[in-house]
Amino acid sequence: MPDRLRPAPYPISPGGHFRGMLEVDLNTVLTDPALNSCYPCRYLPGIDSSPFTYRQTFFSFRMTDRHFNLRLLLAALLWCALVGLSFAWNLYQAHVQRQTLAIETARSFFEQILITRSWNARHEGVYARVTPDTQPNPYLKVPNRDLRCSEDLCLTLINPAFMTRQIAGIAQHRNGVQFHITSLKPIRPENEPTPWEAEALRQFEQGLAEKGEIFGERYRYMAPLYTENACLKCHKEQGYEKGDVRGGISVTLPHIARIPFVELTVSHLAIGLGGLLILLVMGHLLEVYHRQLREQANIDALTGVSNRRYFTGHLEQEWRRGRRGQQPLTLILCDIDHFKAYNDTFGHPAGDQCLRQVAQALQGKLGRGGDFCARYGGEEFALVLPNTSGSELQTFAEELRQIVISLNIPHPSNAGGVVTISLGVATDEGSCPGAETLIQHADRALYLAKQKGRNRVEIHPA
Ligand SMILES: Nc1nc2c(ncn2[C@@H]2O[C@H](COP(=O)(O)OP(=O)(O)OP(=O)(O)O)[C@@H](O)[C@H]2O)c(=O)[nH]1
């Protein structure tokens, strides 16, 4: 096995690189050719690979992913916050609507009672037959309260208060709605206010127009009754004057619309989780497409090896890396012999296929992660071999030449009858002022190989 392909001794020494877990890993990777090949970033086009920038690359690559994941996390959090806000807003709206519906229903009941009472008051009370349910009102002290019309017909006067009590009884029986006519100075003891009603009546005297509140599943509402001229007939002796708050009627609704808490929770959970799922799937797809795009930007579409853009950027980085680490760097330029003639003989599509085969064969020969093969020009390929030099290079280059011959692609214009390549090899062991010079050296060697008859390896003198 050539030296360059043999794993170097593992360089971890206690105290050597143990400045941090990450640095140990990176330094190990940087100094160990065998481990270099394990380092996944080397396989990713567009990833910087010089020692110093290697570390940067590692971080920046990871950071890119981390940034992406952070953004995804932020988007997910934002989505959760939006769904949470929507849930809170809907809950609040349901509560407001429930309150509005309850107060409007109660007001409507109250208004109905007022209209009925007004009708009664307009007639200064109405007479009704005395029955077991409608007995003369002992608290109504007016002349002609009871009238006997015949042997079996007795009438009694129903004033607005009496009428309200009777309607309240019917309403409670029919749908559970309770009316209570009450006053702070009731004539009838049963009209004594409850503590809540007494508090409301006092507030009405202070100017409050109405009062309502939810308690449990029920809603209670109360509004004042103002003294009118017709009322003074019965209530003057209590000291009321026109316009005074004489009492009030409370309306209790047995059921009010419930808040759809379960429905809101379930729907928002479904929307939230659905959105999160879509976000995750879209995020994953975006990440995959983004990676593919990054990779494709550095790949030659025809041959599948790295393109010129990748080569130019990465040769420079490898050169700097080699210089810093005092490691040699080798560049091999390979050119298919008489390729114009091949195209002319078999046509362009066959020429493309030949390029693909040669490129893949060359790339397949590279064993280490640090090496890479790029399409340098039309039918020209460049192989970059970091940390490589010495006599083994000649052998390696010969192997490359042989592997193309062994593809056995017919080429009548070539001496051997098959497609061959010429190779120019140059190594920088510290003498080249830049990567450009290394290219010039390899190019000169390639030119020499062509001059000397093609299908051969020429090594630029160190
Ligand atoms: N089929 C195909 N041909 C290409 C492609 N790129 C360049 N070529 C051809 O490669 C040929 C290169 O010809 P030359 O530069 O004259 O070199 P050559 O015929 O190989 O001769 P030597 O290099 O001197 O051995 C030209 O005919 C180009 O059209 C490509 O993507 N596909």
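Residues numbered from 1 in each chain as written. Predicted model: local features only at pLDDT ≥ 70, side-chain atom pairs only at ≥ 80, totals over all residues. Heavy atoms only, no water.

1. Overview of the overall build of the protein chain
- Within the protein chain one finds twelve helices and twelve strands.
- Among the 462 residues that make up the protein chain, the fraction classed as buried is 40%.
- Restricting the contact set of the protein chain to residue pairs at least 6 apart, pairs at least 24 apart contribute 65%.
- Counting every atom, the protein chain has about 25,300 Å² of accessible surface; 58% of that belongs to carbon and sulfur. (Helix = DSSP H or I, 4+ residues; strand = E, 2+ residues; numbered from the N terminus. Buried < 20%, exposed > 50% of the residue type's maximum accessible area, 1.4 Å probe, protein only. Contact = heavy atoms within 4.5 Å. Areas by Shrake-Rupley, 256 points an atom, 1.4 Å probe, with all protein chains shown as cover.)

2. Digging into the nonpolar core
- By size, the foremost hydrophobic cluster in this structure holds 27 residues, and its most contacted members are Ile332, Val358 and Leu362.
- Setting aside anything within four residues of it in sequence, one finds valine 358 in contact with Ile336, Phe381, Val404, Leu407, Val419 and Ile421.
- Of all hydrophobic cores here, the second largest spans 19 residues; its members include Leu329, Ala374, Ala382 and Leu438. (Core = buried A, V, L, I, M, F, W, Y, C linked by side-chain atoms within 4.5 Å.)

3. Some words on the pattern of salt bridges
- Inspection of every chain in the model, using the stated rule, returns 18 salt bridges.
- Residue glutamate 398 pairs with arginine 401 through a salt bridge whose shortest N-O separation is 3.0 Å. Pair noted here: glutamate 398 and arginine 401 are both in helix α11 (residues 392–405), with a separation of three residues, about one helical turn.
- A salt bridge links glutamate 458 to arginine 456, with the nearest nitrogen and oxygen atoms 2.9 Å apart.
- The buried category is assigned to glutamate 458, whose relative accessible area is 9%.
- Using a relative accessible area of 30% as the deciding quantity, one classes arginine 456 as partly exposed.
- Several salt bridges share partner residues, and in doing so they unite Asp335, Asp337 and Lys450 into one network. (Salt bridge = Lys/Arg side-chain N within 4 Å of Asp/Glu carboxyl O.)

4. Some remarks on the UniProt feature "transmembrane region" (unreviewed entry) in the protein chain
- Taking the numbering used here, the UniProt-annotated feature "transmembrane region" (unreviewed entry) corresponds to residues 72–92 and 266–286.
- Annotation note: span residues 72–92, helix share 100%, strand share 0%, distance between end C-alpha atoms 30 Å.
- Measuring from the first to the last C-alpha atom of residues 266–286 gives 30 Å, for a span that is 100% helix and 0% strand. (UniProt positions renumbered as here; feature names shortened; annotations may be inferred.)

5. Quick look at the side chain of threonine 164
- On the secondary structure map, threonine 164 appears in helix α4 (residues 160–175).
- A residue is classified by how much of its surface remains accessible, and threonine 164, at 2% relative accessible area, is buried.
- There is a polar contact of 2.9 Å between the side chain of threonine 164 and the side chain of arginine 117.
- Among residues more than four places away in sequence, those in contact with threonine 164 are Ile113, Arg117, Ile181 and Ile249. (Polar contact = N/O pair within 3.5 Å; in protein donor to acceptor, adjacent residues only side chain to side chain.)

6. A closer look at the environment of glutamate 295
- Among the structural elements, glutamate 295 can be located in helix α7 (residues 261–296).
- Remark: the alpha-carbon pair of glutamate 295 and serine 306, spanning eleven residues in sequence, is separated by 9.3 Å.

7. Let's talk about the packing of aromatic side chains
- Applying the stated criterion across every chain, the model contains eight aromatic pairs.
- For the ring pair phenylalanine 339 and tyrosine 342, a centre distance of 5.8 Å and an interplane angle of 5° mean the geometry is stacked. Here tyrosine 342 and phenylalanine 339 lie together in helix α9 (residues 339–346), a separation of three residues that amounts to about one turn.
- Three or more aromatic residues joined by ring pairs make a cluster, and in this case those are Phe339, Tyr342 and Phe346.
- In this structure, lysine 185 packs its charged tip against the face of tyrosine 240, placed 4.6 Å from the ring centre.
- Its end group placed over the ring of phenylalanine 215, arginine 220 keeps NZ or CZ at 4.3 Å from the ring centre. (Phe/Tyr/Trp six-rings, centres within 6.5 Å; stacked < 30°, edge-to-face > 60°. Lys NZ or Arg CZ within 6 Å of the ring centre and 35° of its normal.)

8. What to know about the site of the ligand
- The environment of the ligand is formed by 17 residues, the closest being His338, Phe339, Asn343, Asp352 and Arg375.
- The separation between an oxygen atom of the ligand and a polar main-chain atom of phenylalanine 339 is 2.7 Å.
- One nitrogen or oxygen atom from the side chain of glutamate 379 is found 3.2 Å from an oxygen atom belonging to the ligand.
- Within the complex, the protein chains bury 67% of what would otherwise be the 660 Å² of accessible surface of the ligand.
- Of the residues forming the shell around the ligand, the biggest block, four residues, is contributed by helix α10 (residues 348–365).
- Split into classes, the residues belonging to the shell around the ligand amount to four nonpolar, five polar and eight charged. (Near = heavy atom within 4 Å. Nonpolar A, V, L, I, M, F, W, Y, C, P; charged D, E, K, R; others polar.)

9. Focus on the packing of α9 against α10
- Closest axis-to-axis distance for the α9/α10 pair is 7 Å, and the angle between their directions is 130°. When the interaxial angle is binned, α9 and α10 end up oblique. Facing α9, whose interface residues are Phe339, Tyr342, Asn343 and Phe346, α10 presents His348, Ala350, Gly351, Cys354 and Leu355. (Axes fitted to C-alpha atoms, helices over the stretch in contact; angles between N-to-C directions. Parallel < 35°, antiparallel > 145°, perpendicular 65-115°, else oblique.)

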